[in-house]
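Observations on chain architecture
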Amino acid sequence: HVPQAFETARVCHPEETFAGHLRHQQLQTSITLFLFSIKHLNMQFTINFFFQFFSLPEPASGLKQCGFKPAHSIETTLTAVTAASDSKISQPVLSSDSASPVCRLRQGEPQDPPVCNRISACLTDISSWMTAHHLKLNPSKTELLFIPSTTGPHCDLTISFGNSLLTPTEDARSLGVILDGQLSFSAHIANLTRSCRFLLYNIRRIRPFLSQEATQLLVQSLVISRLDYCNSLLAGLPLRAIRPLQLVQNAAARLIFNLPKFTHVTPLLRSLHWLPVVARIRFKTLMLAYKAKNGPAPPYLMAMVKSRAVPRALRASSTARLEPPSLRTHGRQVSRLFSVLAPRWWNELPLGVRTAESLVVFKRRLKTHLFVKHLSE
């Protein structure tokens, strides 16, 4: 069984597929991402065959773990999980290796024993559904993360699940991203920086035996792809929080050109046609906003953005703007919700970028706009 996309694939010379893209189109080429795409298609076919063979219904949409369905991805899933980070409702997040259900609790409720019983019953229902569909929910890999409301105190919850007790942890890993109670992603950034530094150290050891093009392929495949993974979750973070990731990208650029540590990096990024980390985060967020506005996108992502409605035929009706929600500030911090940042950043784009006729054209125009904005002379 071969996917339809492979049946029409054209076999090209490696010089054309990899080096050609780097020289002419200046696109990132990642062997790791190519192999991941093949694995993704294989798992998608296996999962669909599994449900069809046993005549099973698809998983409940409330779990939103649909990374192998069209228009769904890990990033959209985690965006939905963190969508209510600024809500006034406390949220325990139960993270496991296969699902991350979110339970919202009103202020004052977490102290009540029935709340813990309801969460435990929810876990039991999920485990029963998975058992009935020849799956297993592993209690040893299930973590409880409590995200308190902005005005409510932290509550100590203890959830019974099977023969084990779940207590809140400071952070929990969900689909490769480390979430913390404040959604500051400090632990995730620290872990990502550490792993990227280790990879750069190993590449630097073999750098004398590599050409510049081979080094660029290695760096983009192993390091830059990690920086881009689910980076839209970092949207709205202060620059001091993003700085460690930018230092990793600067070190990667100097490694490709084999230059000293304190070499000015802006000309190198311009030569590689790499957007800075802050711009890459905005690029990913706006790309998700385009999909949510024009499709294809999951329903829960499309519900976060809304096109601006004009009561009558006006010039503003053709500007393809999004309706910004009412901004709510909590102390000095402005909300970092996707539903707030995406419309704001979208409306700041030039008209030609917002009215792109396809996703490919939109990505090309958006990258040019961000490149000029962040790396121009």
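Nothing here was measured: the structure is a model prediction, and the numbers come from that model. (Residues numbered from 1 in each chain as written. Predicted model: local features only at pLDDT ≥ 70, side-chain atom pairs only at ≥ 80, totals over all residues. Heavy atoms only, no water.)

A cis amide bond, omega -5 degrees, links Gly-295 with the succeeding residue Pro-296. With respect to the element layout, Pro-296 can be found in the loop between α10 (277-294) and α11 (299-302). The backbone phi angle of Leu-183 is positive, close to 55 degrees, even though this residue is not glycine. Along the chain, Leu-183 falls in the loop between β6 (177-180) and α6 (186-205). Overall, the relative accessible area of 4% leaves Leu-183 in the buried class. Residues other than glycine seldom take positive phi values, yet His-273 does so here, at roughly 60 degrees. (Helix = DSSP H or I, 4+ residues; strand = E, 2+ residues; numbered from the N terminus. Buried < 20%, exposed > 50% of the residue type's maximum accessible area, 1.4 Å probe, protein only.)

As a further point, take the side chain of Asn-250. In this structure, Asn-250 sits in helix α8 (residues 239-257). A distance of 2.9 Å separates polar atoms of two side chains, one belonging to Asn-250 and the other to Gln-246. (Polar contact = N/O pair within 3.5 Å; in protein donor to acceptor, adjacent residues only side chain to side chain.)

A separate point is the pattern of salt bridges. Taken as a whole and judged by the stated rule, the model has three salt bridges. Salt-bridge contacts for Glu-348 lead to Arg-282; the nearest nitrogen and oxygen are separated by 3.5 Å. One end of the pair, Glu-348, is in the loop between α12 (338-347) and α13 (351-354); the other, Arg-282, is in helix α10, with 66 residues separating them in the sequence. Arg-365 serves as the salt-bridge partner of Glu-357, at 4.0 Å between the closest nitrogen and oxygen. Overall, Glu-357 belongs to the exposed group, its relative accessible area being 60%. (Salt bridge = Lys/Arg side-chain N within 4 Å of Asp/Glu carboxyl O.)

Before going further, it helps to examine the environment of Ala-187. Mapped onto the fold, Ala-187 is located in helix α6. A relative accessible area of 23% places Ala-187 in the partly exposed class. Spatially, the C-alpha atoms of Ala-187 and Glu-170 are 9.7 Å apart, while their sequence positions differ by 17 residues. Sequence-distant contacts of Ala-187, that is, excluding residues within four places in its chain, are made with Asp-171 and Ile-178. (Contact = heavy atoms within 4.5 Å.)

Further remarks concern the nonpolar core. Among the nonpolar cores identified, the biggest contains 68 residues, and Val-219, Trp-274 and Phe-362 are the most heavily contacted of them. Apart from residues no more than four positions distant in its own chain, Val-219 is found in contact with Ile-203, Ile-224, Ala-252, Leu-255, Ile-256 and Trp-274. Grouped together as the second largest cluster of nonpolar side chains are 13 residues, Cys-116, Leu-144, Leu-157 and Ile-159 included. (Core = buried A, V, L, I, M, F, W, Y, C linked by side-chain atoms within 4.5 Å.)

Once that is clear, we can look at the packing of α6 against helix α7 (residues 212-228). Here α6 crosses α7 at 170 degrees, and the two axes come no closer than 10 Å. Taken together, the axis directions place α6 and α7 in an arrangement best described as roughly antiparallel. For the pair α6 and α7, the contacting residues are Leu-192, Ser-195, Cys-196, Leu-199, Leu-200 and Ile-203 in the first and Thr-215, Leu-218, Val-219, Leu-222, Val-223, Arg-226 and Leu-227 in the second. Partitioned by chemical class, the residues of the contact of α6 with α7 number 10 nonpolar, two polar and one charged. (Axes fitted to C-alpha atoms, helices over the stretch in contact; angles between N-to-C directions. Parallel < 35°, antiparallel > 145°, perpendicular 65-115°, else oblique. Nonpolar A, V, L, I, M, F, W, Y, C, P; charged D, E, K, R; others polar.)

With 17 residues, helix α14 (residues 359-375) ought to run about 24 Å at 1.5 Å a step, and its terminal C-alpha atoms sit 23 Å apart, in line with that. Those residues of α14 lying buried are Val-361, Phe-362, Leu-366, Lys-367, Leu-370, Phe-371 and Leu-375. Its buried side turned inward, α14 meets α9 (266-272), α10, α12 and α13. (Expected span 1.5 Å × (residues − 1).)

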